[in-house]
Amino acid sequence: MEYPVSADEHGVNLKPEKMEKEKLYHCIFKNKAFLIFKDSQDILNCYEIEDTKLVEQIRKCTNDDELEELFEGYIKGQNLKN
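Residues numbered from 1 in each chain as written. Predicted model: local features only at pLDDT ≥ 70, side-chain atom pairs only at ≥ 80, totals over all residues. Heavy atoms only, no water.

A. Layout of the side chain of Lys38. Of note, Lys38 is situated in strand E4 (residues 32-38). At 4.1 Å, Asp42 is the nearest oppositely charged side chain to Lys38, a buried residue that forms no salt bridge. Of note is the side chain of Lys38, whose polar atom sits 2.8 Å from the backbone oxygen of Pro16. Discounting residues that sit within four places of it in the chain, Lys38 has contacts with Pro16, Met19, Glu20, Lys21, Glu22, Lys23, Ile43 and Leu44. (Helix = DSSP H or I, 4+ residues; strand = E, 2+ residues; numbered from the N terminus. Buried < 20%, exposed > 50% of the residue type's maximum accessible area, 1.4 Å probe, protein only. Lys, Arg positive; Asp, Glu negative; His and termini not counted. Salt bridge = Lys/Arg side-chain N within 4 Å of Asp/Glu carboxyl O. Polar contact = N/O pair within 3.5 Å; in protein donor to acceptor, adjacent residues only side chain to side chain. Contact = heavy atoms within 4.5 Å.)

This is how it looks when you write it as structure tokens:
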């Protein structure tokens, strides 16, 4: 299955019709990470991350499971509530 989120020289490209609900997708564009998911009501949610250290960690993730593990650890390490 084609990954529904990508980036090229023009910006971030989305194919929401190929996205699963409540699944986190990501891409890197101009040294920023973009996190996108479609919620249970088919509304797209997008978050932009500029923190260079975190962007590099995201860049190293090879699949969505690693990405979710990264954010679980980040949330715990920052004492954030989800």
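B. Broad picture of the packing of aromatic side chains. In the structure shown here, the tally under the stated rule is two aromatic pairs. Where Tyr3 meets Tyr25, the ring centres are 5.5 Å apart and the plane angle is 70°; that geometry is what we call edge-to-face. Of the two residues, Tyr3 sits in the segment before strand E1 (5-8) while Tyr25 sits in strand E3 (residues 24-29), which places them 22 residues apart along the sequence. Since its relative accessible area comes to 2%, Tyr25 is described here as buried. Ring centres of Phe37 and Tyr47 lie 6.5 Å apart, and the angle between their planes is 15°; this geometry places the pair in the stacked category. Remark: Tyr47 occurs in strand E5 (residues 44-49) and Phe37 occurs in strand E4; sequence separation between them is 10 residues. We classify Tyr47 as partly exposed; its relative accessible area is 47%. (Phe/Tyr/Trp six-rings, centres within 6.5 Å; stacked < 30°, edge-to-face > 60°.)

C. Inspection of helix H2 (residues 64-77) at higher detail. Look at H2: 20 Å from first C-alpha to last across 14 residues, which is about the 20 Å you get at 1.5 Å a residue. Of the residues making up H2, those classed as buried are Asp64, Leu67, Leu70 and Phe71. End-on, the buried residues of H2 take up no more than an arc of 115°, which puts them together on one face. With respect to the buried face of H2, the exposed residues turned more than 90 degrees away are Asp65, Glu69, Lys76 and Gly77. Buried-residue contacts for H2 involve E3, E4, E5 and helix H1 (52-59). One side-chain oxygen at the N-terminal end of H2 lies 3.0 Å from the backbone nitrogen of Asp65; it belongs to Asn63. Two residues or fewer after H2 comes Asn79, characterised by a positive phi angle close to 55°. (Expected span 1.5 Å × (residues − 1). Arc of directions from axis to C-beta.)

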